[in-house]
Amino acid sequence: MSRVMMCHCHAAEAQALVGEDEVVSCDDSEAMLGEVALHHPDVVVYELRPESKSDLAMLRLLRRIAPRMPLVVVGDEASLRWETPADLAPLYCAALPVVEDALRGAVHTALERR
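Residues numbered from 1 in each chain as written. Predicted model: local features only at pLDDT ≥ 70, side-chain atom pairs only at ≥ 80, totals over all residues. Heavy atoms only, no water.

Novice: Would you explain the overall build of the chain in this entry?
Specialist: In terms of regular secondary structure, the chain is built from 5 helices and 5 strands. In sequence order, the secondary structure elements of the chain are arranged as β-α-β-α-β-α-β-α-β-α. Classification of the 114 residues of the chain by burial places 47% in the buried group. Looking at the chain alone, contacts between residues at least 24 apart form 58% of all its contacts between residues at least 6 apart. Approximately 6100 Å² of the chain is accessible, and the part contributed by carbon and sulfur atoms is 51%. (Helix = DSSP H or I, 4+ residues; strand = E, 2+ residues; numbered from the N terminus. Buried < 20%, exposed > 50% of the residue type's maximum accessible area, 1.4 Å probe, protein only. Contact = heavy atoms within 4.5 Å. Areas by Shrake-Rupley, 256 points an atom, 1.4 Å probe, with all protein chains shown as cover.)

Novice: Help me out: how do you make sense of the nonpolar core in this one?
Specialist: As a rule of thumb, nonpolar side chains are buried together in soluble globular proteins. Membership of the largest hydrophobic core comes to 19 residues, with the highest contact counts inside it found for M32, V36, V44, Y46, L59, L62 and L71. For this core, the secondary structure elements donating two or more residues are β1 (3–7), β2 (22–26), α2 (29–39), β3 (43–48), α3 (55–65) and β4 (71–75). No other element matches α3, which puts 4 residues into this core. With residues up to four places along the chain from it excluded, the contact list for L59 reads Y46, L48, L71, V73 and L88. In terms of nonpolar packing, the next biggest core, distinct from the first, is built from 14 residues, V4, C9, V72 and L103 among them. (Core = buried A, V, L, I, M, F, W, Y, C linked by side-chain atoms within 4.5 Å.)

Here is the structure:
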């Protein structure tokens, strides 16, 4: 059984993955890092928030903890205007609202690559 960690994601994104393996939601970045360190999810879906300048720093910390873990990044157009640095290497990056099939497909691709 695969474990999908969703951080800062709205109910719509989580709903897209209902029935998909085990989905764990988290609204706190520090708790997400702890969850990744302790329970090693198979993929992280992270929603960039336009009001948070610390999201990219958190994603860099995530990469230090789990350098090869697949990462899916979603966010509204304002947050995605930030250039996602190459060192974060997200598998998939999309503006909200995310098409359900696209998110599900990105997560499945991430799970196949692990």
